[in-house]
Amino acid sequence: MAPRHLVIFGGGISGLTTAFYAAKSLPKSTRITLVEKSHRVGGWIRSLPIANSKIALEAGPRTFRAMSAPYSLIRLIEDLNLQDYIIATPLNSPAGHLRYVYLENEQDPGIPGELALVPPTPLHLPLSSNFRWMAKPLIGEFWKAPNTPKDYDDESIDSIISRRFSPEMARQLVSAVIHGIYAADSRELSVKSTLPILTHAEREGEGHILAGIWPALVKRKQMQMAKREQEGDSGRRKTTQLDGILANAATFSFVGGLEMVPKTLEARLSEMENVKLLTGNGVSSVQKENGDFKISLEDGSTLDASHVTSTLPLPTLYDIMFQSSAFRTTPLPQLLNNPHTSVQVLNFVFPPSPKPLHPLGFGFLVPRPRNDYPSTAIAPPRPTHKHMAPILGESVLSTGQTPPLLQNVLGTAFDSSLDSTHDHRTQPTIMTMMLGGPFPLFQPSSSPPRTPSTAPSTTSQQLSQPDLEMVLRTLGFYLGAEEPLPEPTFHVLHTHRNCIPTYKPGSSRILYEMKRLAREGAWGPRFKIIGPGAGHGISLADNISLARSVGLRTDED
């Protein structure tokens, strides 16, 4: 039976995609209401177009990966007719295949380290002066005795890489990659929940990851095709314009930024007579009554729903469900199982310059420090050389020490490079620093102290001149610049608190049990939980895939 009234909690990309596909698949008699606490939809996808630049500033995610773009994402782009607005980064462009890891100068930390080019494939390791040592643990994994723990359930990403390859590979390379994707400590991140292909490969290879990686990839592809058939997407599509664009691309975005996707979804939903978007009015509680759901909103009004889909962060949903009688019958403490990390995104727009401000490529990531994460965002003074004065300031000449520098950098994206036609001499150069995660957050001098909270939030601000100068010194230090970076024409710091779930080892089992209890207990199968932290990955593509699947199958109990 078709739902009478579907209420969707949350207006991020998951909520919008769920509403869009539910509206396409359900009869017009089904009312669909999307409830969003803020006055805008899109979650932390927020884009700011820049004059004389194809690339926009992104407060959150900045690109989709083209090579691994799931079928659901491709269908969404086609259903929204956005293919003509794609900005694709070609595979053969510098940003398409050149990525760096910052290797600290461990002997002399007051002197810049090196932006080491990451080999594109294991076959290129012998050609890399910084990473050729990894060839030995990689090749050796074929002959290394299986060492899967007895009664294996899950482990951290750091653990499986250290166990099968080497601890130094786990720290120097893998931890940097995890900083860029999850803004998390790889020692605390579940491999089953975030990189399950590694555990599948180890199983298929009877204890050897490299021997089992190809069979594991084949099985994953078969499972994806089976899911497509289940969702009514069987059959071979004709090759489209979008297929041609993505076939030779590494990543892609859209004219005006990624926010074009949620904005277009919002516009389409606003045109549908049976869909209502309630913004600026969050959910305060939900009760189960006579098989249906009574939803109280923050303005005191209520909604009666036959079906509910929550796309809210799990701790937020916990606060909403906690007071209900259904929660007392079927408590779901698993909603609080995983912590959420906080990140800061610092956008810069630099004026056109005769020389490039950064090396060719996508950007760089910073690995976990050898001596573990620091306790403060700003580094203590360190001895340095006087020749660093042009970058670090004239105080170096008198003190012989570094001035204040940030030490909580996760990495930096060279955003302008995503446009393969960008010319630094005539167009602005855009870069974005990522801070925080397992590192401490940076507290700008102009910001008042905040009371600790687990609630997700976003704030945006300009930096004071002393703070801006410190950040520019830091960026120049990491880039190994030979002269000071120019004053940016624009900058903004976005602080996203409790925004990315950190899936701890064992999360997949715990979250599966949570969903089983919710489905079989007092909440019933018509209450679906697909929010961030629900165990389906964290990328935009992951969220879109799950939301599309749920939206197309909302009438299934």
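Look above for the structure.
Residues numbered from 1 in each chain as written. Predicted model: local features only at pLDDT ≥ 70, side-chain atom pairs only at ≥ 80, totals over all residues. Heavy atoms only, no water.

## Quick look at the overall build of the protein chain
Put simply, the test is: In this text, helices come from DSSP runs of H or I with a minimum length of four residues, and strands from runs of E with a minimum of two, each type numbered from the N-terminal end. Our radius of gyration is a C-alpha quantity, and the globule rule it is checked against amounts to 2.2 Å times the number of residues to the power 0.38. Burial classes follow relative accessibility: with a 1.4 Å probe on protein chains only, a residue under 20% of its type's maximum area counts as buried, one over 50% as exposed, and anything between as partly exposed. For the accessible areas, the method is Shrake-Rupley and the probe is 1.4 Å, while residue cover comes only from the protein chains on display.
When you go through the protein chain residue by residue, the secondary structure sums to 18 helices and 23 strands. For 557 residues, the compact-globule estimate of 2.2 N^0.38 gives 24 Å, and the C-alpha radius of gyration of the protein chain, at 24 Å, lies within 12% of that figure. Counting only C-alpha atoms and orienting by the principal axes, one finds that the protein chain spans roughly 75 × 55 × 50 Å. Within the protein chain, the fraction of its 557 residues that count as buried is 54%. Total accessible area on the protein chain stands at roughly 25,000 Å², and carbon and sulfur atoms take up 55% of it.

## Description of the packing of helix H5 (residues 157–164) against helix H6 (residues 167–182)
Just so we agree on the cut-off: Think of each axis as a best-fit line through the C-alpha atoms, taken over the contacting stretch in the case of a helix, with angles from 0 to 180 degrees between the N-to-C directions. By definition, turning the near helix anticlockwise from the far helix through less than a right angle yields a left-handed crossing, and turning it clockwise yields a right-handed one. Only heavy atoms matter for contacts: two residues are in contact if any of them lie within 4.5 Å across the pair. Each residue receives one of three labels: charged for Asp, Glu, Lys and Arg, nonpolar for Ala, Val, Leu, Ile, Met, Phe, Trp, Tyr, Cys and Pro, and polar for the others, Gly being one of them.
Here H5 crosses H6 at 145 degrees, and the two axes come no closer than 8 Å. When you trace H5 past H6, the crossing you get is right-handed. Packed against H5, whose contacting residues are Ile157, Asp158, Ile161 and Ser162, the element H6 presents Pro167, Met169, Ala170, Arg171, Val174 and Ile178 at the interface. Split by residue class, the contact of H5 with H6 holds seven nonpolar, one polar and two charged.

## Digging into the pattern of salt bridges
This is how the line gets drawn: Salt bridges are counted wherever a side-chain nitrogen of Lys or Arg sits within 4 Å of a carboxyl oxygen of Asp or Glu.
Taken as a whole, this structure holds 21 salt bridges when the rule is applied. The partner of Glu259 in a salt bridge is Arg40, with the nearest N and O atoms 3.0 Å apart. Remark: Arg40 occurs in the loop between strand S2 (31–36) and strand S3 (47–48) and Glu259 occurs in the loop between strand S9 (249–254) and helix H11 (260–270); sequence separation between them is 219 residues. Asp153 is the salt-bridge partner of Arg509, the closest N and O atoms lying 3.4 Å from each other. Taken together, the residues Arg509 in helix H17 (residues 507–520) and Asp153 in the loop between helix H4 (135–140) and H5 connect sequence positions 356 residues apart.

## Details of the sheet that holds strand S12 (residues 292–297)
The test is simple: Strand pairing requires that DSSP identify at least two bridges connecting the strands.
Taking strand neighbours across the sheet as the criterion, the three strands line up as S11-S12-S13 in an open arrangement whose pairing is antiparallel. If you trace the sheet from one side to the other, it starts and ends with strand S11 (283–289) and strand S13 (302–305), each paired once. With direction set aside, neighbouring strand axes in the sheet form an average angle of 20 degrees. As paired strands, S11 and S12 are joined by six bridges and run antiparallel to one another. Within S12, the residue paired with Val286 across the bridge is Ile295.

## Examining H6
Here is the rule: Expected span, for any helix, means 1.5 Å times one less than how many residues it has.
For H6, spanning 16 residues, the distance from its first C-alpha to its last is only 20 Å, which falls clearly below the expected 22 Å at 1.5 Å a residue. Taken residue by residue, H6 has Met169, Ala170, Arg171, Gln172, Leu173, Val174, Ser175, Ala176, Ile178, His179 and Tyr182 as its buried positions. At the C-terminal side of H6, Ala183 shows a positive phi close to 50 degrees.

## Some details on empty space enclosed by the protein
Put simply, the test is: Cavities and pockets were defined on a 1 Å grid built over protein atoms only: a cavity is a set of grid points that admits a 1.4 Å probe from which the probe cannot escape, a pocket is an open set flanked by protein on both sides within 12 Å along at least five of seven lines, and lining residues are those with an atom within 4 Å of any such point. Grid points are joined across faces, edges and corners, and a volume is the space filled by probe spheres set on the points.
Across all of its chains, the model carries one cavity of 30 Å³ or more by this definition. Roughly 60 Å³ of internal volume is contained in the largest cavity. Lining the largest cavity are Lys54, Ile55, Ala56, Glu58, Arg62, Ile87, Ser253, Phe254, Gly257, Asp415 and Leu418. Of the residues that constitute the lining of the largest cavity, the class distribution is five nonpolar, two polar and four charged.

## A few points about the layout of surface pockets
The calculated volume of the second largest pocket comes to roughly 610 Å³. Taken together, the residues of the lining of the second largest pocket break down into 18 nonpolar, five polar and seven charged.

## Side note on the packing of helix H1 (residues 13–25) against helix H18 (residues 540–552)
The condition that has to hold: Angle categories are assigned with fixed cut-offs, so that under 35 degrees is roughly parallel, over 145 is roughly antiparallel, 65 to 115 is roughly perpendicular, and the rest are oblique.
It is the contact of H1 with H18, at a shortest axis distance of 7 Å, that shows an interaxial angle of 30 degrees. Judged on the interaxial angle alone, H18 and H1 are roughly parallel. Of the two possible hands of crossing, H1 and H18 adopt the one that is right-handed. Only Leu540, Asn543, Ile544, Ala547, Arg548, Val550, Gly551 and Leu552 of H18 make contact with H1, whose side of the interface consists of Ile13, Ser14, Thr17, Thr18, Tyr21, Ala22 and Ser25. The residue inventory of the contact of H1 with H18, partitioned by class, reads eight nonpolar, six polar and one charged.

## Quick look at the packing of aromatic side chains
Short version of the rule: Think of it this way: a Phe, Tyr or Trp ring, Trp meaning its six-membered ring, pairs with another when their centres are within 6.5 Å, and the plane angle makes it stacked under 30 degrees, edge-to-face over 60, tilted otherwise. Charge over a ring is defined by NZ of Lys or CZ of Arg lying within 6 Å of the ring centre and within 35 degrees of the ring normal.
Inspection of the entire model under this criterion finds 16 aromatic pairs. An aromatic cluster is present here, built from Tyr102, Phe364, Phe414, Phe477 and Tyr478 joined pairwise through their rings. If you follow Arg99 out to its NZ or CZ, it ends over the ring of Phe362, 4.4 Å from the centre. Directly above the ring of Tyr21 sits Arg548, whose terminal nitrogen or CZ lies 5.0 Å from the centroid.

## What to know about the side chain of Ser93
What counts is decided by this rule: Distance and chemistry together define a polar contact, namely a pair of N or O atoms within 3.5 Å, with one atom able to donate a hydrogen and the other to accept it when in protein, and with adjacent residues in sequence counting only for side-chain atoms on both sides.
With respect to the element layout, Ser93 can be found in the loop between strand S6 (86–90) and helix H3 (94–97). For Ser93, the side chain forms a polar contact with the main-chain oxygen of Pro90, separated by 2.7 Å.

## Regarding unusual backbone geometry
Excluding glycine, most residues fall at negative phi; most peptide bonds, likewise, are trans. Positive phi, normally seen in glycine, also occurs at Asn52, with a value near 65 degrees. Backbone geometry places Asn290, a non-glycine residue, at a positive phi of 50 degrees. Relative to the helices and strands, Asn290 is located in the loop between S11 and S12. Residue class for Asn290 comes out exposed when judged on its relative accessible area of 85%.

## As for the nonpolar core
Convention followed: The criterion is simple. A nonpolar core is a set of buried Ala, Val, Leu, Ile, Met, Phe, Trp, Tyr and Cys residues joined through side-chain atoms within 4.5 Å.
Grouped together as the largest cluster of nonpolar side chains are 66 residues, with contacts concentrated most on Ile295, Leu335 and Trp523. Considering each element in turn, this core owes the most residues, seven residues, to H6. Setting aside its immediate chain neighbours within four residues, Trp523 contacts Val286, Lys288, Phe293, Met321, Ser324, Ala326, Phe327, Thr330, Leu332 and Ala518.

## Some details on H17
For clarity, the cut-off: It is the directions from the helix axis to the C-beta atoms that the arc portrays.
Its 14 residues give H17 an end-to-end C-alpha distance of 20 Å, which sits within 8% of 20 Å, the value for a rise of 1.5 Å per residue. When H17 is considered as a whole, its buried residues turn out to be Ser507, Leu511, Met514 and Ala518. Projected down its long axis, H17 shows its buried positions confined to an angular sector of 50 degrees, all on one face. For H17, the exposed residues lying more than 90 degrees away from the buried face are Tyr512 and Glu520.

## Points about the sheet that holds S6
The sheet built from three strands is open, its strands ordered S5-S9-S6 with antiparallel pairing. In this open sheet, the two edge strands, each paired with only one partner strand, are strand S5 (64–65) and S6. The pairing of S5 with S9 spans two bridges and is classified as antiparallel. By the bridge assignment, Phe64 is partnered in S9 with Phe252.

## As for the side chain of His494
Residue position: His494 is located in strand S22 (residues 490–501). Of the residues examined, His494 reaches a relative accessible area of 8% and is grouped as buried. A distance of 2.7 Å separates a polar atom in the side chain of His494 from a polar atom in the side chain of Ser460. Apart from residues no more than four positions distant in its own chain, His494 is found in contact with Ala59, Val343, Gln344, Val345, Asn347, Thr459 and Ser460.

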